[in-house]
Amino acid sequence: TQAVHARIDGALVMIGFGSIGRGTLPLIERHIGFDRDRFTVIEPSGDFAHILRDHGIRHLQCALTPDNYADVLRSLFPEGRGMIVNLSVDVDSIELMKLAQEMGVQYLDTVVEPWPGFYFGSPLPNADRTNYPLREKVRALGKAYVGGPTAVSCCGANPGMVSWLLKEALLRLALDTGVAANPVGREDWAALMQTLGVKGIHIAERDTQVSARAKPPGVFVNTWSVDGLLSEGYQPAELGWGTHEKALPPQGHAFDHGPGYAIWIDRPGADTRVRSWCPDVGPQFGFVITHNEALSIPDYYTVWEGDRAVYRPTCHYAYHPSNDAILSLHEINGAGKLAEAQHILTVDEIVAGGDDLGVLLYGHAKGAMWYGSRLSCDEARRLAPYQNATGMQVTSAVLAAMVWAAENPRAGFVEADEMDHVRCLDVQRPYLGRIECHYTDWTPLSHRINRFAEDRDEDDPWQFSNFLAV
Ligand code: NAD
């Protein structure tokens, strides 16, 4: 597990040294060849500057803004070679992608992030505060830079790794149901999913990490970026919309532009629950928090006949964050305002638990199947410093994407669905704990405490209306 997988030729610039940036550093040192005196971390905060000092990495202590980002980044790539790894919040991914193309350097991020002002206090209508227009903008831009320097969009654990796990899961389901499968291109993968009869996919996650200290009232506690969770959690809920769905949910809206693979619900994702399933706990609630993979997956797996989509899965995040984060969301939803203080649980504070993050494929011949990574915080602690289990699932995906980008330097704009999942998981697997496959006969109609009025479709248990808990 100590192998150097790839070399960065030129400068290496990491933007943001938060929970993910700190965890990515030791993996880069272990697995990427780079020039230490051409590695710069741009991070406005001085809180963790000592780590960079200890590792002998240059710390450029400044915040990127619309006014300075181009000058700052150009000065770091005098010969126009190298890679930008953007692990920050509040720095516009699309602007950085354009600049990276102009400079001729590779680029990688884990979300499509806008400058401040989009997530909160925005004058935009809710339809325009979704991820769909952000992703459509990135896809349109990509068409202008075909064959340009590789720009990997949205590649962490999810979005990111889950798209690679989904491909493994499909091959496993094909094997277990006796379906011949040898997919190569996008159309083959989409046809395989259709043949398998998959109606939908949850990105089904359960974070069980706990601290010994009870969450103080008024403090928002999470196991990764609090700002990141709040930003996406208070965008509207959003999901890929399958061709089998009969009716839009209450407050649900189609988009009036673009290819239309998704819908949005006029409610915050962090207050929109679905019934879902994860190993260990079994049935659970998850939040439909908007994510790029809830858009890229339905888009990638659409089967077209001319300009008609004849098959597409429903797809969305069903996230059970850590107990402290659930309580934090409950508090701020009740208060109607954001918390004044925040805290990210470190690996040293976490006394038990881990993160189960996988894909739940449902509606096929075997009912439902969860396939994913089950990583305990204890194991994460043993594998590499500065990160909990959640962080490690993300940072190892960033590492895999860096390796893939270095090996495929002129692939233009890509998302995880379009990368080589075998190679990426090869790099990442040592950091994922156990990869497990679980079949279950659970459906969203199968468990209730007492019966109350609800909108049930008994004819098709896999309708989104059956999952949605309002
Ligand atoms: P964090 O909040 O711990 O750290 C973000 C860092 O960005 C902070 O250190 C902050 O000082 C820095 N920053 C803020 N403004 C900046 C600016 N103008 N210029 C440069 N740096 C700035 O967040 P994190 O947990 O490290 O997450 C980092 C990013 O990764 C977030 O965008 C998050 O949404 C994303 N993420 C993606 C996944 C995934 O699986 N795809 C998972 C976790 C996090």
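You'll find the structure just up there.
Just so it is clear, the model here is predicted, and its values are computed rather than measured.

Criteria and thresholds
- Residues numbered from 1 in each chain as written.
- Predicted model: local features only at pLDDT ≥ 70, side-chain atom pairs only at ≥ 80, totals over all residues.
- Heavy atoms only, no water.
- Pairing = 2+ DSSP bridges.
- Helix = DSSP H or I, 4+ residues; strand = E, 2+ residues; numbered from the N terminus.
- Salt bridge = Lys/Arg side-chain N within 4 Å of Asp/Glu carboxyl O.
- Buried < 20%, exposed > 50% of the residue type's maximum accessible area, 1.4 Å probe, protein only.
- Near = heavy atom within 4 Å.
- Polar contact = N/O pair within 3.5 Å; in protein donor to acceptor, adjacent residues only side chain to side chain.
- Contact = heavy atoms within 4.5 Å.

A. Structural detail: the sheet that holds strand 2 (residues 11-15). Strand order in this open sheet of 7 strands is 5-4-2-6-7-8-24, and the pairing throughout is parallel. The open sheet terminates on both sides in strands that have one partner only, identified here as strand 5 (58-60) and strand 24 (413-414). Where strand 7 (residues 106-109) lies against strand 8 (residues 151-152), 2 bridges are found, and the strand directions are parallel. Bridged to Tyr107 within strand 8 is Ala151.

B. Structural detail: the pattern of salt bridges. Scanning all chains against the criterion turns up 27 salt bridges. Among the salt bridges present, the one from Asp460 reaches Lys199, with a minimum N-O distance of 3.4 Å. Remark: Lys199 occurs in the loop between helix 7 (186-196) and strand 9 (200-207) and Asp460 occurs in the loop between strand 25 (434-440) and helix 14 (464-467); sequence separation between them is 261 residues. The exposure class assigned to Lys199 is partly exposed, which follows from its relative accessible area of 25%. The shortest N-O distance in the salt bridge between Arg456 and Glu458 comes to 2.7 Å. Linked through salt bridges whose partners overlap, the residues forming this network are Asp9, Asp35, Arg38, Glu79 and Arg81.

C. Here's a closer look at the site of the ligand. Looking at the ligand, there are 24 residues lining it, with Ser19, Ile20, Glu43, Ala157 and Ser225 nearest. Within the backbone of Pro159, a nitrogen or oxygen atom sits 3.2 Å from a nitrogen atom of the ligand. One nitrogen or oxygen atom from the side chain of Ser225 is found 2.9 Å from an oxygen atom belonging to the ligand.

D. Quick peek at helix 8 (residues 226-233). Across the 8 residues of helix 8, 7 count as buried, placing the element largely inside the fold. Those residues of helix 8 lying buried are Val226, Gly228, Leu229, Leu230, Ser231, Glu232 and Gly233. On the buried face of helix 8, the contacting elements are strand 11 (219-222), strand 14 (262-268), strand 19 (314-320), helix 10 (323-335) and strand 20 (341-344). Two or three places before Asp227, at the start of helix 8, stands the capping residue Ser225, its side-chain oxygen 3.4 Å from that residue's backbone nitrogen.

In short, geometric facts, not functional conclusions.
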